[in-house]
Structures are given as structure tokens and as C-alpha cells.
Amino acid sequence: MHILISEFMDERAVALLRAQHEVVHDPKLVDDPARLRAEAASADAIIVRNRTQVRGDLLEALVRCRVVGRLGVGLDNIDVPGCEARGMRVIPATGANAQSVAEYVIAAALLLLRGAYQSTAAVAAGAWPRTALGNGREIGGRTLGLVGFGSIGQLTARLARGVGMSVVAHDPLMNAADSAFGEGGVRAVSLDELVATADVVSLHVPLLDSTRHLFDAQRLAAMRKGAVLVNSARGAVVDEAALATALRSGHLGGAALDVFEREPLPAGSVLVDCPNLLLTPHIAGVSVESNDRVSSLIAHQVIEALS
Ligand SMILES: NC(=O)c1ccc[n+]([C@@H]2O[C@H](COP(=O)([O-])OP(=O)(O)OC[C@H]3O[C@@H](n4cnc5c(N)ncnc54)[C@H](O)[C@@H]3O)[C@@H](O)[C@H]2O)c1
């Protein structure tokens, strides 16, 4: 059978696929829509990350395809109902990058609350900004608010408890009696209570109509003064312009964004020069270990689905 891989996949996992199938692995295909559509015509399975848009023209071109492997978890780049209507199975790498994202969140929260890690150039140059940087905050005893309590939210809760945080979570699709809350020592709360009580708010929801701009100007204003926001979910869950305003006014104490409404973030965006803002290029879930786990999980599941 033919397997088409249009973005980067770990070579050991590609070798597993090649042992049983014909494989085209070209990470540049995602940027060449005409060639991608041409290759798609003979594919029995396609494997993508988050940039290949499996919808519209590409979906039409996937005439033989039975399986879509997703090297990650968010499915907003895939027309899932459209795939299923054509009899294609969509397989995400659920849980395989959760540890990487959870570690990113805790690290970002520590850096943002303490606010003292951007002094390298000043200290090396002989300045000694000790007074200015002596007002950082500890993470122990603070409250983490998780918006979305799926696999990443639950793992983040476990790490947060390890550094002495209390954890509250909001997930309207989960029953408050779900054992995941009790076992994690996490209190299920409404979104209003979460934003009113959390010192660190971290987002772990998929991008849906119901979560688009969930953190708009009004919701950001309802957060505690000095609280920090971490978004490693999807950019459009946060209104970036409203966030920039909340940081500049000093209402929020900092933010870390790994994901953006447009990726790459266009130069000169509203986020330029906001205080205590960390920006990373959609790497929260990407690490040596998670690349290995995600690629190997998808290779095995695609092989099984094709057999
Ligand atoms: N930055 C990265 O590298 C990276 C990596 C992995 C995942 N992600 C993003 O993180 C998201 C979460 O991943 P996951 O593996 O935990 O997914 P998951 O499906 O296990 O959990 C998502 C949770 O969100 C809940 N939810 C849905 N709508 C909600 C709402 N309106 N309010 C609150 N909760 C809601 C669901 O009930 C579910 O429990 C993914 O959808 C993806 O977009 C980003």
C-alpha cells in the first residue's frame, strides 16, 4: 500500500512503515499544494502534522485514502466529518506529547511568576539589577487554573501539585464526579470561578466554535490582577490584541504563548514589546522524546489500520 507523509516524521518510525509499505516522506510537500495533491491520488494513508490542511482540494484528491494519521493531537487542520463521510479513519497521537506540553506549562509559569530570567545580557555587561528583579513570586501555594481537563490538563495538574500548587479545572464535557478530578487532587469549578481564583491560567482546550476567543477582553479583565496566562492550546482561543492590552496596562502579570492566531506570527504584531511575555514557535509538544513517541505511535496505528 502507499503511505504519504507530508511533514516531518521521525526516521525510525518511517523505517517501520517502509518495511511493510511504499512510503513517500517529504517534509516539503506541505508547502507545495499541487505536488501534494498529485501524490495524494495514490495514497492509501496520509500522515500529517498540524500544517497540512486535510480538507477541500486535498480531501477531494485523496480518492483511495482510508487512514489519516495525525502526528499530534489538535484536529483543527483536518475536516474530520468530511474524512469520516468518505470512510477515512482519523488517528491522532493522543497523550503522546502530553508530558512535553505539561513541562512547558510548569516551566513557563515558574519563569513568568519569578520574572528574573531575562537579565543575562545586563548581568554579563556588568549591570546588577538586583533590586529591580527582587520582587519575583514563588509558585508554591499558588493556584493553577486549567481550562480543559483532558490528557494534557490532567498531566499538568500532576506536575503542578509536585511544585506545591493547588489546582482547579474547568471542563464542561466532564462530570465533576469524574475520578480524574479526585485522583489528581483537583477541584472542578466553573470558568468564572476559575478566572477569579487562579494565579496561573493554562489553556488545554481544542479549537472549536465554542472555544474561539474564549479569552477575550472581558474574560481577561475578570482574571486576578497580576495573574499570568499560558496558551499552549491553539492561538485563536485567545484574543491576541486584548491580551496585549491587558499586559501593557499591568492588569496581567505576564503570559506565555506557544500558539498564535496566525502561524508564523507575522512580524510587527500587536504582541511586540509587551511586558513579561514569552513567545515560542509552537514547540510545547515537540521534544526529542515526544517526537519519538508520537511518530512511533502513529506508525504502529497506521500499519494496524491498513492491515
Ligand atoms: N502547543 C503544542 O505543541 C500542542 C501539543 C499538543 C496539544 N496541543 C493542543 O492542546 C489541546 C488539548 O490537548 P489534549 O491532548 O489535552 O486534548 P484532550 O482531547 O485530551 O482534552 C481536551 C479537553 O478539552 C475539553 N473541552 C472541550 N471544550 C471545552 C471548553 N469549552 N471549555 C473547557 N474544556 C473544554 C474536552 O472535554 C477535553 O477534556 C489540543 O486540542 C491541541 O489543540 C498543543
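Residues numbered from 1 in each chain as written. Predicted model: local features only at pLDDT ≥ 70, side-chain atom pairs only at ≥ 80, totals over all residues. Heavy atoms only, no water.

Points about the sheet that holds strand β9 (residues 200-203)
Working step 1: Ordered by their spatial adjacency, seven strands build an open sheet running β8-β7-β6-β9-β10-β11-β12, and the pairing between neighbours is parallel. Every other strand in the sheet has two partners, leaving β8 (186-188) and β12 (277-279) as the edge strands with one partner each. Mean inter-strand twist for the sheet, computed between neighbouring axes without regard to direction, equals 15°.
Working step 2: Across four bridges, the pairing between β9 and strand β10 (residues 228-231) is parallel. Looking across to β10, one finds that L203 is bridged to N231.
Working step 3: Contacts from helix α5 (residues 98-114) reach β9, β10, β11 (254-257) and β12 within the one sheet, and its direction differs from that of β10 by about 150°.
Working step 4: With respect to the sheet, helix α11 (residues 240-248) is in contact with β10, β11 and β12, its orientation differing from that of β11 by roughly 150°. (Pairing = 2+ DSSP bridges. Helix = DSSP H or I, 4+ residues; strand = E, 2+ residues; numbered from the N terminus. Axes fitted to C-alpha atoms, helices over the stretch in contact; angles between N-to-C directions. Contact = heavy atoms within 4.5 Å.)

So, the site of the ligand
Working step 1: Inspection of the region around the ligand gives 25 residues, with S151, I152, D171, D258 and G285 positioned closest.
Working step 2: D171 is positioned with one of its side-chain polar atoms (N or O) 2.7 Å from an oxygen atom of the ligand.
Working step 3: Contacts to the ligand include D258, whose side-chain N or O atom sits 2.9 Å from a nitrogen atom.
Working step 4: Residues that form the shell around the ligand fall into these classes: 11 nonpolar, 11 polar and three charged. (Near = heavy atom within 4 Å. Polar contact = N/O pair within 3.5 Å; in protein donor to acceptor, adjacent residues only side chain to side chain. Nonpolar A, V, L, I, M, F, W, Y, C, P; charged D, E, K, R; others polar.)

Some points on the packing of aromatic side chains
For any pair of aromatic rings, geometry is given as the distance between the ring centres together with the angle between the planes.
Working step 1: Evaluation of the coordinates by the stated rule reveals one aromatic pair.
Working step 2: Centre to centre, the rings of F149 and F181 are 4.7 Å apart; their planes meet at 15°, and the pair counts as stacked. Taken together, the residues span a long stretch of sequence, with F149 in the loop between β6 (143-147) and α7 (151-162) and F181 in helix α8 (residues 179-184) at a distance of 32 residues. (Phe/Tyr/Trp six-rings, centres within 6.5 Å; stacked < 30°, edge-to-face > 60°.)

Structural notes on the nonpolar core
Working step 1: Grouped together as the largest cluster of nonpolar side chains are 31 residues, with contacts concentrated most on F215 and L229.
Working step 2: For this core, the elements supplying multiple residues, two or more each, are α9 (191-197), β9, α11 and β11.
Working step 3: In terms of residue count, α11 provides more of this core than any other element does, five residues in total.
Working step 4: Other than its neighbours up to four places away in sequence, F215 contacts V147, L191, V195, V201, L203, L220, M223, L229, V237, V238 and D239.
Working step 5: Listed in part, the 30 residues of the second largest apolar core include A98, A180, V200 and V230. (Core = buried A, V, L, I, M, F, W, Y, C linked by side-chain atoms within 4.5 Å. Buried < 20%, exposed > 50% of the residue type's maximum accessible area, 1.4 Å probe, protein only.)

Section: α11
Working step 1: Buried within α11 we find E240, A242, L243, A244, A246 and L247.
Working step 2: Elements that come into contact with the buried residues of α11 comprise α10 (217-222), β10, β11 and β12.
Working step 3: Two or three places before A241, at the start of α11, stands the capping residue D239, its side-chain oxygen 3.1 Å from that residue's backbone nitrogen.

Here we look at the pattern of salt bridges
Working step 1: Scanning the model with the defined rule gives 13 salt bridges in all.
Working step 2: Note that D10 is salt-bridged to R12, the shortest N-O span being 3.6 Å.
Working step 3: By relative accessible area, which is 14% here, D10 ends up buried.
Working step 4: Note on R12: relative accessible area 58%, which makes it exposed.
Working step 5: Salt bridges sharing common partners tie together D10, R12 and D292. (Salt bridge = Lys/Arg side-chain N within 4 Å of Asp/Glu carboxyl O.)

Details of helix α12 (residues 288-306)
Working step 1: If you check α12, its first and last C-alpha atoms are 27 Å apart, about what 19 residues at 1.5 Å a residue would give, namely 27 Å.
Working step 2: Along α12, the positions that sit buried rather than exposed are S290, N291, V294, S295, I298, A299, V302, I303, A305 and L306. (Expected span 1.5 Å × (residues − 1).)

Digging into unusual backbone geometry
Working step 1: Between E263 and the following residue, P264, the backbone shows a cis peptide bond with an omega angle of -5°.
Working step 2: Tracing the backbone shows P264 in the loop between β11 and β12.
Working step 3: Its identity is not glycine, yet D273 carries a phi of approximately 65°, on the positive side.
Working step 4: Within the secondary structure layout, D273 lies in the loop between β11 and β12.
Working step 5: A relative accessible area of 72% places D273 in the exposed class.
Working step 6: Phi at N276 takes a positive value of approximately 45°, unusual for a residue other than glycine.
Working step 7: Position of N276 relative to the elements: it lies in the loop between β11 and β12.
Working step 8: Judged by its relative accessible area of 26%, N276 is partly exposed.

Some details on the domain arrangement of the protein
Working step 1: According to the domain assignment, the protein contains domain 1 (2-96 + 288-306) and domain 2 (98-279).
Working step 2: Averaged C-alpha coordinates put domain 1 and domain 2 at centres separated by 31 Å.
Working step 3: Counting residues at the interface gives nine residues for domain 1 and seven residues for domain 2.
Working step 4: Counting the surface lost from both domain 1 and domain 2, the interface buries some 530 Å², and carbon and sulfur atoms represent 40% of this.
Working step 5: Put simply, R234 and D76 hold a salt bridge, and the shortest N to O gap is 2.9 Å.
Working step 6: For the pair domain 1 and domain 2, the interface holds two residue pairs in polar contact (both at pLDDT 80 or more).
Working step 7: Looking at the side of domain 1 that touches domain 2 residue by residue, the class counts come to one nonpolar, five polar and three charged. (Domains from an automatic or database assignment. Buried area = accessible area lost by both parts, 1.4 Å probe.)

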